[in-house]
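Tertiary structure, described
Listed below, chain by chain, are the residues.
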Amino acid sequence: AALQAASRGSHCSLFYAQAALVTHMTALRRRSSLDRGEWLFVQDPQRAWTLGRVDRRGSRVVSLNVDGRRREARMSQVAEAGRALNARGDDLCDLDVFTEGSILHHVRRRFEASVIYTWVGSILIAVNPFKKLPIYSNRIVDAFRADATAPHAYAVASRCYDALRETGAPQSVLVSGESGAGKTETTKIILSYLARVAGGAQDDVARRILESNPVLEAYGNAKTLRNDNSSRFGKWMTVAFDANRRVAGCAIDTYLLEKSRVVGCGPGERTYHALYQVLSDIEGEAREFPYLARGGCLRIDGIDDAQEFATQLRALDALGVTDRQDVLDIVAAVLHLGCAEFDGDDARCVNAETSIG
């Protein structure tokens, strides 16, 4: 997932100037980088780019040693590797070569060392580890409050909050990435930072903002083949602050909900979590409902629907939802509607005899 803090006085023009300079320097060094024994990045179908050592070169083709195997590649399929293959810096803009291959190489090396965050200027690259890491806590939040130079989602939140306090101008954080990249979790991490450093209102507004996540995920997230908790909608969250720069409220706009998933999903997938949670205390009940059984996946390894349902109910209470039972009745009605079958044309439909009464 890529995060970018956008604020007044952007350094975009400087960044592009630096990128142009790096490109020019790369072109000047390209000829020497093709000498025998030099390292190059070569396109690879599995890893996108992988390292190879130059064995010999021709006018249009270069021969490389890739993991002990000889490989021929066109000039358009290779890129300079530079002299900093083992660099340990936190910012990829400090590399002597800035190519797609070098970016992937250094991000991969950091990930293999359990370092999931990397700066690219003001942009933060985050690689989803698909496991819990001990890098999120109130103590670590306080550390980033004092020093936000290391790459971390807390650092992005800290820089934005500091800019808000100093300038009074609105700030924004864009969290983007493909399915499974970690957008949902990253958003929660940023909100938890704000709740820690800018919470404290009498009605505990910051806590209630965090409590909105279980509800949004229950009714907007589902299991897909790539992600056990995939958000099937987009959202724009506006966090308001008072004159003392404390959290005063939050508005959440949702859009592009995948409504078709309610009635059907692909093999190995699930519809929305809430429909399974409401049946979590009834053994085997979920398979009786076509909307749930259609994907052939009633449970997710490592996730307790009963526990998630209890969390959802607590969140509804914390948000002040007084008609909680009405919400659950609607979920039940949707499930039972999936058991209905219809005969006849669109103009005149009646319940089929095979429908569940």
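In what follows, the structure referred to is the one given above.
Residues numbered from 1 in each chain as written. Predicted model: local features only at pLDDT ≥ 70, side-chain atom pairs only at ≥ 80, totals over all residues. Heavy atoms only, no water.

For the rest of this paragraph, the subject is helix H3 (residues 138-146). All buried positions along H3 are accounted for by Ile 140, Val 141 and Phe 144. Buried residues along H3 cover an arc of 105° about the axis, so they all sit on one side. For H3, exposure combined with an orientation more than 90 degrees from the buried face picks out Arg 139 and Ala 146. (Buried < 20%, exposed > 50% of the residue type's maximum accessible area, 1.4 Å probe, protein only. Helix = DSSP H or I, 4+ residues; strand = E, 2+ residues; numbered from the N terminus. Arc of directions from axis to C-beta.)

Read across the open sheet, the five strands follow the order E5-E4-E3-E2-E6; overall the sheet is antiparallel. A strand with exactly one partner marks an edge of an open sheet, and here the two such strands are strand E5 (69-74) and strand E6 (78-80). Neighbour-to-neighbour, the strand axes of the sheet open up by a mean angle of 45°, direction not taken into account. Bridging between strand E2 (residues 39-44) and strand E3 (residues 48-57) involves six bridges; their strand directions are antiparallel. Note on E3: the bridge partner recorded for Trp 39 is Arg 53. Packing of helix H2 (residues 100-112) onto the sheet brings it into contact with E2 and E3, and relative to E3 it is tilted by some 120°. (Pairing = 2+ DSSP bridges. Axes fitted to C-alpha atoms, helices over the stretch in contact; angles between N-to-C directions. Contact = heavy atoms within 4.5 Å.)

For Arg 245, which is not glycine, the phi torsion reads 60° and is therefore positive. Of note, Arg 245 is situated in the loop between strand E12 (234-241) and strand E13 (247-255). Even without being a glycine, Leu 256 presents a positive backbone phi close to 60°.

Without other data, these values stay purely geometric and don't point to any function.
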